[in-house]
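# Descriptive structure summary
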Amino acid sequence: MFFLLLLTRAVQAANPAVSANADQQVKAAFVYNFAKFAEWPADRLQEGSPIVIGLLSAGGIGNQIAATVRDRQIDHHPIVVRVVTTPVEIRAVHLLFVANSDQARFAELAPGLRETGILTVGEAPDFARTGGVIGFVLSGNKVNFEISPEAAERAGVKLSSQLLKLATIVPRKG
Amino acid sequence: MPTFRDLPLARKLTAITVLICGVALLVAFIVFGVYDRTTYRKEMTRDLAILADEFDDNVAPGLVFMDTAALQKTLQTLAANPHILAAAVYDQAGVLYASFQRPDLGGHFVFPVADGTAQHFVSDRIDTFKDIELQGERIGSFYVASDLIAYQLRLRRFATMAAGLLGGCSLFALFLAFRLQRVISDPIVALATTTERVATQKDYGLRAVKHGNDEVGLLVDGFNNMLVQIQARDRALHAANANLEQRVLERTAELAETSGLLEGMLENSPDLIYFKDRQSGFKRFSKACLPRLGLTDPAQLVGKTDADFFDTEHAQLALADEQEIIRTGKPIIGKLEKEIHPDNRVGWVLTTKMPWRNGAGEIVGTFGISKDVTAWKEAEAGLQTEIAERRRVADELKASDAFLHSLMENLPVCIYRKDLDGRFVFANSRFCAIVARPPEEIVGRTDFDLSPPEVARKYLDDDGRVIATRQQFQGEEPHVRPDGTMGWVQTLKVALLNSQDQVVGTQGMFWDVTELKRAANEVQRLNSELIQVSRQAGMAEIATGVLHNVGNVLNSVNVSATLVADQIRQTKAQNVGKLASLFAQHKTDLATFLTQDSRGRMIPGYLDTLAQDLAAERATLDVELDGLKKNVEHIKEIVAMQQSYARNSGVLETISVPDIVEDAVRINAGSFARHSVELVRDYQARPVITTDKHKVIQILINLLRNAKYACDESGRTDKKIVLRITADSQAVRIVVSDNGVGIPEENLSRIFNHGFTTRAHGHGFGLHNAALSAKQLRGALLMHSAGRGQGATFTLELPYQSTSPLHDSSN
């Protein structure tokens, strides 16, 4: 898979037309890897139960994520990708991915999701600065990410220090 | 440079001690070094494994989030350890993702291909691979390479220390050994010095000094004891020596005498005497050996073997014998040997060979004596040949005897022998059978016991004549057969001679020829009958010819007779009668009638005419009768000729050859005319010969008849027979050649055989008889034919003396 990534990155530099798709692949892989460096409260994730990745809408990057995690496990937890719409459904997921197109919807739901043990990952700029836990940032051709430790703490999701070392840390507000 | 063995005892002891010390230390160092190396490597690999384990977790996030910068930073921390040569991170697929190498390598470090968790020593470094795992998933490999400089430094230090220790210890050991070895070596050296003095000064009164009671002390005691004994022996020896010299002188004299005897023998013996070493090489030998081997100088023989002088076979046999003697010690006595000398002369020797022992009884070779027995052997061989020859002759005689016996018993001939007194000494089984007595009743008896007296008397007379004249008696004799019938036997009697050419008896043989005789008689009878028949047949042929000719002539006779008869029947003579009756009627008036009457007046004219007619008639009859007479004359001739040939033969007459040929032709003339055969005569000579006319004419008639038949059978129209007579100084040849059917080649050889014929009614006797007759006339009948359809030529050859005048007659 990393070989594939490297390849797509090489192609990306040469051909801007495919860059959007390549970025989506990188982001999908990152989403999967975020789950690896995250730790949910024991009541949120029992041993052996699946890690649920929620999407606010089907299609687009959602498909890419589903393709990436298919048949994979993280520490004996199977991974399930689900499109969620109602707040109840949303509260059942472990990781909620918010595509650019779903940013408005997320803004509506965000206040209700703050302390629910959900690792929120968003595409929109300043996602991590506006209440999300991890937000993708494009720097040149490279996909980077920002983490808001504050938001993570609030949500009750522990993130590995190793992950934090690689991210741009959003300063705490208060 | 003296070898270790020759070094003084003190040095040997020192060297051994130092060497043992050094070797022990060296082994200890090597064991320790190997142990240290193993331990150190183990430690090193363990340290590196721990290092890799730490790094594995540190690089995982950088790898999954593709943060090369973070990875580089992490790897850079390894620069703190001066022994780390390089480190790298490979992704899942084994592609190098981030790397580090010590700055002094100048970026030339070549990273190996990614591997699973493992550690390898590679020449001057150790490679450590470690799988990078994240949440149970392998996401790449971490690699770190460390140099071995630390280990090498350690090794070098160890080696230096070991060398120093080894040197120091050796020196110390040398010092100690040099001091301590004297405890052992000094007494031995003292003993050795004493020994040498005894040896050089021959002073057996010296004694070695004893230092202690150890083994060397015992040795010194023993040595001193020995010296005491040697001293005693030495004195005894001096005494014995004086005695010995005297004995040696005596012995030498004895030996010289013995040697002289041996030399004398070797010099003068006519036999071959030789001593050979274990390899059968000549060592000593009698002088007689040299000329036998074609040598003059003894030096030429010494050391040589039989193989140098004799044929290979003999040499090998001799060698085998000698080796056997050497091996077993058993002699070979009186062996007869064949020798082929270099000049190919074959000789025989009677050889005795013995083992040659030295004074100690060991076999050092062989010696032998060979006596030349060639002359004796040749005489023996001659004897053997004679015996074989006699045996062969005896066998031949036996075979010959068996052959004779078989002949005597199986031939259908009676054989017997009698002595001079006419007593039978032998009779074969057929003789026994014919006299119907067993042999034992014949042997010892005479003819008077077996045959009627008058017959026996004749036999005795015949025997007496044979004995007296020594001539063979042969004859046919009447013989009374056992069944009483009379028969004939053919008898042959000869005189029996002994080796001194004296008559000792007679031998006779006879066989029954009754049947043979009967058959011969029968043949003779048949033959004469046949000859008779053929003669009659020949005469019949002549008669047929003659009668035919007679018949022809009789035809003419008949014609002439009829003509004469007709002539006479129509003769004008009867008109004379009419005139006479006219004259009778006119007897009275004859003149008136002759002058007045019209018919009377015509009479004188008529008479004139009649006279002329009768004259003419007579002339005609004269001619006819003359011809008739001639014909009758001809018949007479023919009959006379037949009579002349029909006479008994065997009478020689002088005849003209053409005449007899013509006679033969004449006898056949009718038949030639009937069959229109042209006859060509070619008489080149007209000889007169004296011969049996009858046989010649029969042969010629036969040949002419055959020629005519041959022409007839050919069916040709130009039938031709050529008759030729030729003569030279020795023979007359009458050739009858026809152009008829000829004789096929297969019949040429049997044409003269009795009974051979090609004609349907032929009896096959003509030519056979003709040929026989020609032979009886001392001539020959020859025949030639080119083949079927080519005609045939028969030549009758008769003896002739050309002095006889040629018969001069013309046809």
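What counts as what
- Residues numbered from 1 in each chain as written.
- Chains lettered and ligands numbered in written order.
- Predicted model: local features only at pLDDT ≥ 70, side-chain atom pairs only at ≥ 80, totals over all residues.
- Heavy atoms only, no water.
- Helix = DSSP H or I, 4+ residues; strand = E, 2+ residues; numbered from the N terminus.
- Buried < 20%, exposed > 50% of the residue type's maximum accessible area, 1.4 Å probe, protein only.
- Contact = heavy atoms within 4.5 Å.
- Areas by Shrake-Rupley, 256 points an atom, 1.4 Å probe, with all protein chains shown as cover.
- Phe/Tyr/Trp six-rings, centres within 6.5 Å; stacked < 30°, edge-to-face > 60°.
- Lys NZ or Arg CZ within 6 Å of the ring centre and 35° of its normal.
- Pairing = 2+ DSSP bridges.
- Axes fitted to C-alpha atoms, helices over the stretch in contact; angles between N-to-C directions.
- Buried area = accessible area lost by both parts, 1.4 Å probe.
- Salt bridge = Lys/Arg side-chain N within 4 Å of Asp/Glu carboxyl O.
- Polar contact = N/O pair within 3.5 Å; in protein donor to acceptor, adjacent residues only side chain to side chain.
- Parallel < 35°, antiparallel > 145°, perpendicular 65-115°, else oblique.
- Left-handed = near helix turned anticlockwise from the far one by under 90°.
- Nonpolar A, V, L, I, M, F, W, Y, C, P; charged D, E, K, R; others polar.
- Expected span 1.5 Å × (residues − 1).
- pLDDT = per-residue confidence, 0-100.
- Bend = angle between axes of the 7 residues up to and from the residue.
- Disulfide = S-S within 2.5 Å.
- Core = buried A, V, L, I, M, F, W, Y, C linked by side-chain atoms within 4.5 Å.
- Patch = residues over 30% accessible without salt bridge, like charges linked within 9 Å, V, L, I, M, F, W, Y side chains within 5 Å.

A few words now on the overall build of chain B. Looking only at helices and strands, chain B has 19 helices and 22 strands in total. When each of the 811 residues of chain B is scored for burial, the buried share is 35%. Considering only intrachain contacts with a sequence separation of at least 6, the fraction spanning at least 24 residues in chain B is 55%. Of the roughly 48100 Å² of accessible surface on chain B, a fraction of 58% belongs to carbon and sulfur atoms.

Another point: the overall build of chain A. Counting secondary structure elements, chain A contains seven helices and ten strands. Evaluated residue by residue, chain A yields a buried proportion of 48% over its 174 residues. By sequence separation, contacts in chain A at least 24 residues apart represent 60% of the contacts at least 6 residues apart.

If you walk through the whole model with that rule in mind, you get 26 aromatic pairs over all chains. Members of the aromatic cluster, each reached through a chain of ring pairs, are Phe 30, Phe 34, Phe 37, Phe 136 and Phe 145 of chain A together with Phe 65 of chain B. For Lys 708 of chain B, the ring lying beneath its charged end belongs to Tyr 709 of chain B, and the centroid distance is 4.5 Å.

Turning next to the pairing of strand E13 (residues 473-480) of chain B. Each regular strand shows side chains that alternate between the opposite faces of the sheet. Residues and elements named next belong to chain B. Burial along E13 is one-sided: the residues Phe 473, Gly 475, Glu 477 and His 479 are buried and none of Gln 474, Glu 476, Pro 478 and Val 480 is. Pairing geometry for E13 and strand E14 (residues 486-497), over eight bridges, is antiparallel. Opposite His 479, over in E14, you have Gly 487 as the bridge partner.

Another point: the sheet that holds strand E4 (residues 125-134) of chain B. Two pairing modes exist for strands in a sheet, parallel and antiparallel, and in both the strands are linked by backbone hydrogen bonds. Residue and element names in this part refer to chain B. Spatial ordering of the open sheet is given by E2-E1-E5-E4-E3, a layout of five strands whose pairing is antiparallel. The open sheet has two edge strands with one neighbour each: strand E2 (96-101) and strand E3 (118-122). With direction set aside, neighbouring strand axes in the sheet form an average angle of 15 degrees. Helix H1 (residues 9-64) rests against strand E1 (84-91), E2, E3, E4 and strand E5 (137-147) of the sheet, and its axis sits at about 40 degrees to E4.

Residues and elements named next belong to chain B. Sheet architecture is open: five strands sit in the order E7-E6-E10-E9-E8, paired in antiparallel fashion. Only two strands of the sheet have a single partner each, and these edge strands are strand E7 (282-285) and strand E8 (332-340). Along the sheet, successive strands turn relative to each other by an average axial angle of 30 degrees, direction set aside. Where strand E6 (residues 272-277) meets strand E10 (residues 363-372), six bridges bridge the pair, whose relative direction is antiparallel. Looking at E10, one finds that Phe 275 is bridged to Phe 367. Across the sheet, helix H7 (residues 312-328) touches E6, E8, strand E9 (346-357) and E10, and the angle it forms with E8 is around 160 degrees. Most of the contacts of helix H8 (residues 374-410) go to E9, to which it runs at about 130 degrees, and overall it touches E8, E9 and E10.

To continue, consider the interface of chain A and chain B. Taken residue by residue, the interface counts 21 residues in chain A and 19 residues in chain B. Summed over both sides, the interface of chain A with chain B buries roughly 1800 Å², with 65% coming from carbon and sulfur. Run the count over chain A and chain B and you get two salt bridges. Glu 137 of chain B is paired through a salt bridge with Lys 36 of chain A; the nearest N and O atoms lie 2.6 Å apart. Remark: the boundary between chain A and chain B carries four residue pairs in polar contact (both at pLDDT 80 or more).

This part is about the packing of H1 of chain B against helix H2 (residues 68-76) of chain B. Residue and element names in this part refer to chain B. Across the interface, H1 lies against H2 with an axial gap of 8 Å and an inter-helix angle of 160 degrees. Comparing the axis directions of H1 and H2 gives the class roughly antiparallel. Taken as a pair, H1 and H2 cross one another with a handedness that is right-handed. Counting all contacts with H1, which are made through Phe 55, Asn 58, Val 59, Gly 62 and Leu 63, the residues of H2 involved are Leu 71, Thr 74 and Leu 75. Grouping the constituent residues of the contact of H1 with H2 by class yields five nonpolar, three polar and no charged.

This brings us to helix H4 (residues 182-201) of chain B. Compared with an ideal rise of 1.5 Å per residue, which puts 20 residues at 28 Å, H4 of chain B spans 27 Å between its outermost C-alpha atoms and is within 8% of the ideal. For H4 of chain B, the full list of buried residues reads Ser 185, Pro 187, Leu 191, Thr 194 and Val 198 of chain B.

Glancing now at the confidence of the model for chain B. Residues and elements named next belong to chain B. On average, residues of chain B carry a pLDDT of 84, and 95% of them reach 70 or more. In the model, residues 804-811 has pLDDT below 50 throughout and makes 15 contacts with residues more than four positions away in sequence or in other chains. We note a pTM of 0.39 for the whole complex and an ipTM of 0.79 for its interfaces.

Our focus in this paragraph is the environment of Pro 82 of chain B. All names here are of chain B. Positionally, Pro 82 belongs in the loop between H2 and E1. We classify Pro 82 as exposed; its relative accessible area is 54%. Along the sequence, Pro 82 and Asp 147 sit 65 residues apart, while their C-alpha atoms lie 9.0 Å from each other. Pro 82 has contacts with Arg 102 and Asp 147, leaving out every residue within four places of it along the chain.

On average, residues of chain A score 82 in pLDDT, and 88% of them reach the 70 mark or higher. The low-confidence segment residues 1-18 of chain A, where pLDDT is below 50, has 26 contacts with residues more than four positions distant or belonging to other chains.

Here we take up H1 of chain B. Note: α-helices contain 3.6 residues per turn, so residues at a spacing of three or four share the same orientation. Counted at 1.5 Å a residue, the expected span for H1 of chain B with its 56 residues is 82 Å, and the 82 Å between its end C-alpha atoms agrees. Along its length, H1 of chain B shows its largest kink, about 35 degrees, at Asn 58 of chain B, and proline Pro 61 of chain B lies within four residues downstream of that point.

Residue and element names in this part refer to chain B. For the structure shown, the criterion picks out zero disulfides over all chains. Cysteine Cys 169 shares no disulfide, and the gap to the nearest cysteine sulfur, in Cys 21, comes to 6.0 Å. Residue Cys 169 is classed as partly exposed on the basis of its relative accessible area, which comes to 29%.

Residues Phe 34, Leu 119 and Phe 145 of chain A together with Val 89 and Phe 142 of chain B are the most contacted members of the largest nonpolar core, which totals 68 residues. By residue number, the principal contributor to this core is H1 of chain B, which donates ten residues. Apart from the residues lying within four places of it in its own chain, the contact partners of Phe 34 of chain A are Leu 119, Val 121, Ile 134, Phe 136, Phe 145 and Leu 163 of chain A together with Phe 65 of chain B. Counting residues in each nonpolar core, the second largest holds 41 residues, with Met 641, Ile 699, Ile 701 and Ala 707 of chain B among its members.

Here we come to the pattern of salt bridges. Residues and elements named next belong to chain B. Applying the stated criterion to the full structure yields 53 salt bridges over all chains. Here Lys 458 makes a salt bridge to Asp 462, at a shortest N to O gap of 2.7 Å. Note that Lys 458 and Asp 462 are positioned in helix H11 (residues 453-469) at a spacing of four residues, about one turn of the helix.

We now examine a nonpolar patch on the surface. Judged by side-chain polarity, Leu 19, Val 23, Val 27 and Val 31 of chain B come together as a nonpolar surface patch covering roughly 370 Å² of accessible area. For Val 31 of chain B, the position within the fold is in helix H1.

So, about the side chain of Thr 351 of chain B. With respect to the element layout, Thr 351 of chain B can be found in strand E9. A polar side-chain atom of Thr 351 of chain B sits 2.9 Å from a polar atom in the side chain of Ser 370 of chain B.

All names here are of chain B. Topologically, Ser 141 is positioned in strand E5. Since its relative accessible area comes to 0%, Ser 141 is described here as buried. A distance of 3.4 Å separates the side chain of Ser 141 from the backbone oxygen of Asp 115, its partner in a polar contact. Ignoring anything within four residues of it in the chain, the contact list for Ser 141 reads Ala 88, Val 89, Tyr 90, Asp 91, Asp 115, Lys 130, Asp 131 and Ile 132.

Residue and element names in this part refer to chain B. Burial within E1 is extensive, with eight of its eight residues counted as buried. As paired strands, E1 and E2 are joined by five bridges and run antiparallel to one another. Bridge assignment links Tyr 90 to a residue of E2, and that residue is Leu 96. Linking two consecutive strands that pair antiparallel, namely E1 and E2, is a turn of four residues; a positive phi of about 90 degrees is found at Gly 94 within it.

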